[in-house]
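# Commentary on secondary and tertiary structure
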Amino acid sequence: MTTTYPLRTIAPHEIDAWARMVTTTYGQDWQEGGLRGAARSLEPDRTIAACDGREIVGGASIYGRVMTVPGAAVPVAGITLVAVLPTHRRRGILTAMMRRQFTDLHESGGEPIAALNAAQATIYGRFGYGVASHVAEIRGDKRFMALRPGTDLGDGMVRLLAREDARPLLEKVYEGARTAAVGWVDRTEKFWDARLADSERARDGGTALRFAVHLEPGGEATGYAVYRSKSDLVQVVEVASTSRQSYAALWRFLIELDAHTGLAYDGAVDEPFQHMLVDPRAARASVIDNLWVRPVDVARALAARRYATPLDVILEVQDTFCPWNTGRYHLSAEGDNATCERTRARADLRVTSAELGAAYLGGTTLASLAAVGRVEELRPGAAAAASLAFLGDRAPFHPSGWAFPAF
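Reference entry: report on the structure contained in this document. Throughout, a residue's number is its position along its own chain's written sequence, starting from 1. In keeping with the predicted nature of the model, local features appear solely for residues at pLDDT of at least 70, side-chain atom pairs appear and are counted solely at 80 or more, and the whole-chain, interface and lining totals rest on all residues. Hydrogens and waters are ignored; side-chain quantities use all the structure's heavy atoms.

## Observations regarding the pattern of salt bridges
We count a salt bridge whenever a side-chain nitrogen from Lys or Arg sits within 4 Å of a carboxyl oxygen from Asp or Glu. Summed over all chains, the structure comprises 26 salt bridges. Between Asp152 and Arg244 there is a salt bridge whose closest N-O contact spans 3.6 Å. Taken together, the residues span a long stretch of sequence, with Asp152 in the loop between β7 (134–141) and β8 (157–161) and Arg244 in helix α7 (residues 244–255) at a distance of 92 residues. Arg167 is the salt-bridge partner of Glu171, the closest N and O atoms lying 2.8 Å from each other. One end of the pair, Glu171, and the other, Arg167, are both in helix α4 (residues 163–178), 4 residues apart, so they sit about a helical turn from each other. With a 1.4 Å probe rolled over the protein chains alone, any residue whose accessible area is under 20% of its type maximum counts as buried; one over 50% counts as exposed, and the rest are partly exposed. Arg167 sits in the buried class, given a relative accessible area of 19%. Overlapping salt bridges, with partners in common, bring together Arg163, Asp198, Glu200, Arg203 and Arg228 in one network. Think of it this way: any DSSP run of H or I at least four residues long counts as a helix, any run of E at least two long counts as a strand, and we number them from the N terminus.

## Details of the side chain of Arg203
Looking at the secondary structure, you find Arg203 in helix α6 (residues 200–203). From its side chain, Arg203 meets the backbone oxygen of Asp198 in a polar contact 3.2 Å long. With residues up to four places along the chain from it excluded, the contact list for Arg203 reads Asp198, Ala208 and Arg228. Between N or O atoms, a polar contact is any pair within 3.5 Å; within protein, one atom must be a potential hydrogen donor and the other a potential acceptor, and residues adjacent in sequence are included only when both atoms are from side chains. Throughout, a contact is declared for two residues whenever any of their heavy atoms are within 4.5 Å.

## What to know about the pairing of β7
Strand pairing requires that DSSP identify at least two bridges connecting the strands. Relative to strand β13 (residues 283–289), β7 is paired through 7 bridges, and the arrangement is antiparallel. What sits directly across from Ile138, in β13, is Ala285. Where β7 and strand β12 (residues 262–267) come together, 6 bridges link them in antiparallel fashion. Of the residues in β12, the one forming a bridge with Ala136 is Gly267.

Take a look at the structure:
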């Protein structure tokens, strides 16, 4: 804790003042929307404030979520709404808040990993976060988009539904899809409220959200697309499906929407949509960082996920920000069993917490980090073997562009 700007959790009656600090930091106007849903979504006992006298000048919050990781689902501390007023920058407040969050998680035996979407890519590496997934910003001209001949569309149909009719179907489809989608997190009622928030400010000149749901002949929902129109652009907010046929049918619906020429969607770097097109250049993608992950408890984090191939490796972990993680670990995995325990044996790989966080979801390989000197290979072949074991079936992806809450 910093003595100049003490940190404490907020009381329920302070949520508005805390949220106004956040919106001011991010250049938003509270009266235009801001965090009006904060009172329903924030967890005060997991929300900290930095204070200058009686004024709240900084803050950060945690949402307890469950994230899909390779072969498992792991509790994750979703870090969100990190802010320091511009009048109090560069005074150690952010560092103090990060240290407070990790220390609280460690001492309470809380979530073994923390994750966030970074507003700026230069901030969180120094706190031990690594880039664990990427997002493909897909943009294209629908006039040149057509599905490949023979694409299996199934026997179902796409229907536009009102919000109240669509929501229970969306929730069911999402729950079925997320168990196989590394990087996706659970959504309770309050998080669905936030995901589907549709204020005028959120629309940014576009229409209200539309809900296209794919229904099988028997009436079962197997996919959905949430989108809005903005001028002649289709802005696709989210697509989820539990079958390849519903996925294909939804994308055909989206690219064939009348009165729109453009399409925008932020998806996975290996988004299957592009492989369905006759002309793959009709949808071009720019790739940027997506989810940043940090192991708070190395042993528990590494033992919680599963591995693609048998693995037996000694990791020497360096963690100056969370010193309790520093040491050597024996990571052993085969099939559905994985253990990670401290050891005095000679290390095969030397890493920091940031590199472990980057590799955790299988999106960034330890071998690629070793190629630039961020991982030190102490036993030949160890980086390649560990990289293969850490991989998942698909590239990890965390649906971004969320309304409040950001995580």
